[in-house]
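# Topology and contacts: notes
One letter stands for each residue in the lines below.
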Amino acid sequence: MMPLREITIPPRDRRRFTRLVRDVRACEACDAMTHSHVLGADNGRLDAPVLFVAEAVGRRGGAVTGVPLTRDESGRRFSAFLALAGISRADVFVTNAVLCNPTDARGRNRPPTASECARCRPFLARTLELVRAPLLVTLGRVALEATRAVEPHEAELARDVATPVSWRGRTLVPLYHPGRQSTLHRPQAAQEGDWRALGALVPATAAAGDQDRNPVQRR
Ligand code: SF4
């Protein structure tokens with residue numbers, strides 16, 4: 001990936017992020033969740049050129065480390081896909097449609113419900129406002145629907161995978177979730193091609209985003 005220019009984050013945005021993290025950590029709106037509240041400085045740089053939105057915190061991953069898509073199998077596969085795309089973890093911000101760990105009666109991971117996604121949506125919307133990465137990548141159907149609920153778009157995962165879509169002044173790229181289960185819907189080799197295609201998009205969108213964000217620096 002091309003070297004990326006450092007962007008200065010206005011102090012006001014840092015304060016807004018601190019308030020967002022505080023509000024998330026105080027939230028207990030979902031009963032059937034392990035309240036891991038994975039949002040903070042370890043998610044990535046606020047000025048990252050690439051923002052990933054995944055599904056939910058994993059019980060053996062983010063719920064343990066406090067960092068989305070780390071430690072568990074999905075995290076390891078995400079790291080491998082990033083390497084394939086030539087994207088450094090230092091250049092991304094990673095979050096989830098829901099910021100806690102949805103578990104079933106036996107304590108296993110389960111997909112978040114529509115109502116859980118709706119309850120967490122204001123936090124996602126606030127994150128999208130603060131992390132103005134020019135390239136937004138959704139990982140899986142839940143993440144794609146979560147962005148659509150913030151503001152409508154026409155992207156469909158199976159039809160538009162790895163296809164750039166213009167959304168809210170940025171480029172949205174739908175990809176499958178890095179979890180191995182997604183290979184039931186899209187084979188591994190095809191997903192590897194998707195990530196290579198994503199890597200090819202990064203320099204152009206990051207450069208465009210730098211220009212877009214200059215006014216923000218001057219505020
Ligand atoms: S998932 Fe989101 S809305 Fe639900 S308890 Fe956690 S932070 Fe609150």
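Residues numbered from 1 in each chain as written. Predicted model: local features only at pLDDT ≥ 70, side-chain atom pairs only at ≥ 80, totals over all residues.

## A word on the site of the ligand
Note the following rule: What makes a residue near a molecule or strand is its C-beta atom, placed from the backbone, lying within 6 Å of it. Secondary structure is summarised from DSSP: a helix means a run of H or I of at least four residues, a strand means a run of E of at least two, and numbering begins at the N terminus for each. In this classification, Asp, Glu, Lys and Arg are treated as charged, Ala, Val, Leu, Ile, Met, Phe, Trp, Tyr, Cys and Pro as nonpolar, and every other residue, Gly included, as polar.
Taken together, 15 residues are adjacent to the ligand, and Cys27, Cys30, Cys100, Arg119 and Cys120 come closest. Per-element tally for the shell around the ligand: the top contributor is helix 4 (residues 114–130), with 4 residues. Across the shell around the ligand, the residue classes break down as 10 nonpolar, 2 polar and 3 charged.

## Describing the sheet that holds strand 5 (residues 135–139)
Paired through backbone hydrogen bonds, the strands of a sheet run either parallel or antiparallel to each other. Rules: Criterion used throughout: strands pair if DSSP finds at least two bridges between them. Under this scheme, a helix contributes an axis fitted over its contacting stretch, all axes are lines through C-alpha atoms, and angles between N-to-C directions fall in the 0 to 180 degree range.
The strand order 3-2-5-7-6 describes an open sheet built from 5 strands, whose pairing is mixed. Of all the strands in the sheet, the pair left with one neighbour each is strand 3 (92–96) and strand 6 (165–167). For this sheet, the mean angle separating the axes of adjacent strands, direction not counted, is 30°. Both strand 2 (residues 50–54) and strand 5 contribute to a ladder of 4 bridges, which runs parallel. Its bridge partner being in strand 5, valine 50 is matched across the sheet by leucine 135.

## Considerations on the confidence of the model for the chain
Do not read the predicted coordinates in detail wherever pLDDT is low. The test is simple: pLDDT is a per-residue confidence score from the predictor, ranging from 0 to 100. The contact criterion used is a C-beta to C-beta distance within 7 Å, with each C-beta placed from the backbone.
This prediction gives the chain a mean pLDDT of 91; 89% of its residues lie at or above 70. Within the model, the stretch residues 209–219 combines pLDDT values under 50 with 14 contacts to residues more than four positions away or in other chains.

## A look at helix 4
Because an α-helix completes one turn every 3.6 residues, residues spaced three or four positions apart along the sequence face the same direction. The criterion, for reference: Between the first and last residue of a helix there are one fewer steps than residues, each counted as 1.5 Å, and that sum is the expected span. One axis is fitted to the seven residues ending at the residue and one to the seven starting there. The bend at that residue is the angle between these axes. Note on burial: count the other C-beta atoms lying within 10 Å of the residue's C-beta; 20 or more is buried, 12 or fewer is exposed, in between is partly exposed, and C-beta positions come from the backbone.
Over its 17 residues, helix 4 extends 24 Å from the first C-alpha to the last, a length consistent with the 24 Å expected when each residue adds 1.5 Å. Taking the largest bend as the criterion, helix 4 deviates by roughly 45°, centred on cysteine 120, and proline proline 122 comes between one and four positions later. Along helix 4, the positions that sit buried rather than exposed are Glu116, Cys117, Cys120, Phe123, Leu124, Thr127 and Leu128. Its buried side turned inward, helix 4 meets helix 1 (11–25), strand 3, strand 4 (101–102) and helix 5 (141–150).

## Thoughts on unusual backbone geometry
Phi is positive for arginine 71, close to 75°, though the residue is something other than glycine. Secondary-structure assignment places arginine 71 in the loop between helix 2 (62–65) and helix 3 (73–85). For alanine 162, which is not a glycine, the phi torsion comes out positive at approximately 65°. Tracing the backbone shows alanine 162 in the loop between helix 6 (157–160) and strand 6.

## Looking at the pairing of strand 2
Of all 5 residues in strand 2, 5 are buried; the element is thus mostly enclosed. The alternating pattern of strand 2 places Val50, Phe52 and Ala54 on one face and Leu51 and Val53 on the opposite face, and all of these are buried. Note that strand 2 and strand 3 share 5 bridges and pair parallel. Within strand 3, the position partnered with phenylalanine 52 by the bridge is valine 94.

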